[in-house]
Amino acid sequence: MASPSSSGPADGTVTVILNGKKTAVPRRANETLLETARRAGLSPPFSCEQGNCATCIAVVTEGHATMRQNEALAEDEVEEGYILTCQAVPDTADITVDYE
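These numbers come from a predicted model, not from an experiment.

Asker: Any chance you could explain the pattern of salt bridges here in plain terms?
Answerer: In a structure, side chains of opposite charge can pair up when their charged atoms sit close to one another. Under the counting rule described, the total for this entry stands at 2 salt bridges. Linking Glu49 and Arg38 is a salt bridge whose minimum nitrogen-to-oxygen distance equals 3.5 Å. Here Arg38 lies in helix α1 (residues 33-39) and Glu49 lies in the loop between α1 and β3 (57-62), a separation of 11 residues in the sequence. Exposure remark for Glu49: the relative accessible area of 33% places this residue in the partly exposed category.

In C-alpha cells:
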C-alpha cells in the first residue's frame, strides 16, 4: 500500500475552533494546521509562517501535533498544549485546535 502524498488525503479530521465556530476538515498528510484551516476557507490569524511571531498560536484540545519549528513559544506553553499552527502537523488522526 502506497503512503499518502504531501497533498493527498489522510485518515482523520482536523476540527478548528475560530471565533467560537467549529469547522471539521478532512486531514491531509503533511499539511500544517494553518494550511488546513485556510483550505477550509477560514481566516485564522497568521503572519510570518516561520514559527517566529506566535500570531498563529492556538491550543490543542484533542489529539496531538508536532511543530516543525518553534522560536516563539516557551516550553511551559508547549506543555500546556499551545502550538504554532503554521508549523504544527497532526500526529493523531483526529485533532481539535482552538484559536482562543
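Okay, back to it.
Asker: Can you walk me through the side chain of Arg27 in this structure?
Answerer: Summarising the element assignment, Arg27 is placed in strand β2 (residues 21-28). In this structure the side chain of Arg27 is engaged in a polar contact, spanning 3.2 Å, whose partner is the backbone oxygen of Thr92.

Asker: When you look at the pairing of β3 in this model, what are you seeing that I'm missing?
Answerer: The side chains of a regular strand alternate between the sheet's two faces. Both β3 and strand β5 (residues 82-84) contribute to a ladder of 3 bridges, which runs antiparallel. Its bridge partner lying in β5, Ala58 is registered against Ile83. With 3 bridges connecting them, β3 and strand β7 (residues 95-99) associate as antiparallel partners. Residue pairing in the sheet places Val59 in a bridge with Asp98 of β7.

Asker: Which parts of the structure should I look at to understand unusual backbone geometry?
Answerer: The general pattern is negative phi for most residues beyond glycine and trans for most peptide bonds. In this model, Asn30 sits at a positive phi of 65°, which is unusual for a non-glycine residue. Relative to the helices and strands, Asn30 is located in the loop between β2 and α1. On the basis of relative accessible area, Asn30 is assigned to the partly exposed category, the value being 46%. A positive phi angle is found at Ala54, which is not glycine, with a value near 70°. With respect to the element layout, Ala54 can be found in the loop between α1 and β3.

Cut-offs applied
Residues numbered from 1 in each chain as written. Predicted model: local features only at pLDDT ≥ 70, side-chain atom pairs only at ≥ 80, totals over all residues. Heavy atoms only, no water. Salt bridge = Lys/Arg side-chain N within 4 Å of Asp/Glu carboxyl O. Helix = DSSP H or I, 4+ residues; strand = E, 2+ residues; numbered from the N terminus. Buried < 20%, exposed > 50% of the residue type's maximum accessible area, 1.4 Å probe, protein only. Polar contact = N/O pair within 3.5 Å; in protein donor to acceptor, adjacent residues only side chain to side chain. Pairing = 2+ DSSP bridges.

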